[in-house]
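Descriptive structure summary
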Amino acid sequence: MPLHHLKTLRTRLQKNQPASQGTPVTFAGACPTFEVIALGVRSGVADGNLSSYLIRPLGTNEAVLCDAGTLGNGLKRAEAKGVLNDIPIMPNSALSRAGHVLKQTVRAYLISHSHLDHVAGLVFTSPEDTAKPLYALSQTNAILAEHLFNNRVWGAMGDKGPEPRIGKYSYHNMEPGQAQIVQGTGLTITAWPLSHASTTSTAFLIQHEGQAILYLGDTQADQADGPRNLHKLWEAIAPLVQNNTLNTIIMGATYPDSQPDDALCGQLRPKDLLASLRELGHICGGRHHIRGLRVIITHVKETFHDGECPTQQIYRDLQEGNDIGIHFLMAEQSARYLV
Ligand SMILES: [Zn+2]
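For clarity, every value in this text was computed on a predicted model and none was experimentally measured.

Focus on the overall build of the protein chain
Scanning the protein chain from N- to C-terminus turns up eight helices and 16 strands. Dimensions of the protein chain along its principal axes, counting C-alpha atoms only, are 55 × 45 × 45 Å. Expressed as a percentage of its 339 residues, the buried residues of the protein chain come to 55%. Long-range contacts, defined as pairs at least 24 residues apart, comprise 63% of the intrachain contacts of the protein chain with a sequence gap of at least 6. In the form shown here, the protein chain has an accessible surface area of approximately 14100 Å², with 51% of it arising from carbon and sulfur atoms. Once the 28 positive and 30 negative side-chain charges of the protein chain are each reduced to a mean point, those two points are 6 Å apart.

In structure tokens:
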């Protein structure tokens, strides 16, 4: 990364300036298909800014939300910054724009796994929400129904689990590798399992009119004696990288490279992420296939430590190891990306 860019990033982070006042991040090349709005991007103690990405085909009022660690706060912040202004909502009430986006635009939730930093926003916003499908692998849906929306931790918002049920959210179990259409939208989604500490996480491929974007929930690096879920995911999506219909991936780099091997909690460091992307390049038939691939980095752990901002440290680690020409972007809350 050129030094002046790093300085700009550092200055912006220090001053806590937003990435944009509603201005999207755009890229040279083919026309964008999707708008990605980062409603929340961090993990750890950053409550109010936890994993949540609104993904919408441009020009439509149909979006899915990939995880919902932060939801109401993310929508309100996005509205205040003008980030929601391009969504063609149909105002017909006293609702705010954020309210319309929640109730009208978001057609479904894709939940990668049941950890609270990926579902807390969904819980808190649920009383104000409209009825929606909730897509996840069966393991994740079962945990949400039994242990979260269960009338004890929170109201039984789903259509499975302990009775009596409110039934606002309908659980849709996804079969790994099987594409399906999101109810009421022109979006096709496919899920693959990811290994993440003691639970199963999920990667979601979202497709619209021949173009795709890939979102990965929390994942650890493949182990030689494990299920090698990242390897299987890369094998599945490699044809889309090769034919250039998938050029943006959202995935986590939670800790810097200095984090010890035995303290990763099922997450990736920059060096683990880079090693996995090199494997993707190999599967695609050569690194030239992934040169210029855009990887939006999410889930950077926020702590109470003084010192260098972890986002800067992780970005530097990524750039120093980036011998494969990946275009890394550090996700920022309320930023929007046209991809
Ligand atoms: Zn997790």
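After that view, the rundown keeps rolling.
Let's talk about helix 6 (residues 229–242)
The end-to-end C-alpha separation of helix 6 is 20 Å, in line with the 20 Å expected for 14 residues at 1.5 Å each. The largest bend in helix 6 is about 40°, located at A236, with the proline P239 one to four residues further on. Among the structural elements, strand 9 (188–196), strand 10 (199–208), strand 11 (211–216), strand 12 (246–252) and helix 7 (270–284) are those in contact with the buried residues of helix 6. Following helix 6 by one or two positions, N244 adopts a phi angle in the positive range, close to 70°.

Focus: the nonpolar core
Core analysis: the largest hydrophobic core is formed by 36 residues, its most contacted members being L216, L233, W234, I237, L277 and F328. Of the residues forming this core, the biggest block, seven residues, is contributed by helix 6. Look past the residues within four positions of L233 in its chain and what remains in contact with it is W192, L194, A203, L214 and L216. Core analysis: the next-biggest nonpolar cluster, separate from the first, contains 31 residues, L71, L84, L122 and A136 among them.

So, the packing of aromatic side chains
Under the defined criterion, the tally for this structure stands at four aromatic pairs. Judged by centre distance (5.9 Å) and plane angle (50°), the rings of Y53 and Y215 are tilted. Within this pair, whereas Y53 is found in strand 3 (residues 52–57), its partner Y215 is found in strand 11, the two being separated by 162 residues in sequence. Take Y53 and Y215: they sit in the same class, and that class is buried. Between the aromatic rings of F124 and W154, the centroid separation amounts to 5.8 Å while the plane-to-plane angle is 80°, which identifies the pairing as edge-to-face. Of the two residues, F124 is situated in helix 4 (residues 116–125) and W154 in the loop between helix 5 (138–147) and strand 7 (169–174); the sequence distance between them amounts to 30 residues. Taken together, the ring pairs in this structure connect Y109, F149 and Y169 into an aromatic cluster.

Quick notes on the rules
- Residues numbered from 1 in each chain as written.
- Predicted model: local features only at pLDDT ≥ 70, side-chain atom pairs only at ≥ 80, totals over all residues.
- Heavy atoms only, no water.
- Helix = DSSP H or I, 4+ residues; strand = E, 2+ residues; numbered from the N terminus.
- Buried < 20%, exposed > 50% of the residue type's maximum accessible area, 1.4 Å probe, protein only.
- Contact = heavy atoms within 4.5 Å.
- Areas by Shrake-Rupley, 256 points an atom, 1.4 Å probe, with all protein chains shown as cover.
- Lys, Arg positive; Asp, Glu negative; His and termini not counted.
- Charge placed at Lys NZ, Arg CZ, Asp CG, Glu CD.
- Expected span 1.5 Å × (residues − 1).
- Bend = angle between axes of the 7 residues up to and from the residue.
- Core = buried A, V, L, I, M, F, W, Y, C linked by side-chain atoms within 4.5 Å.
- Phe/Tyr/Trp six-rings, centres within 6.5 Å; stacked < 30°, edge-to-face > 60°.

Bear in mind that shape data such as this cannot, by itself, settle questions of function.
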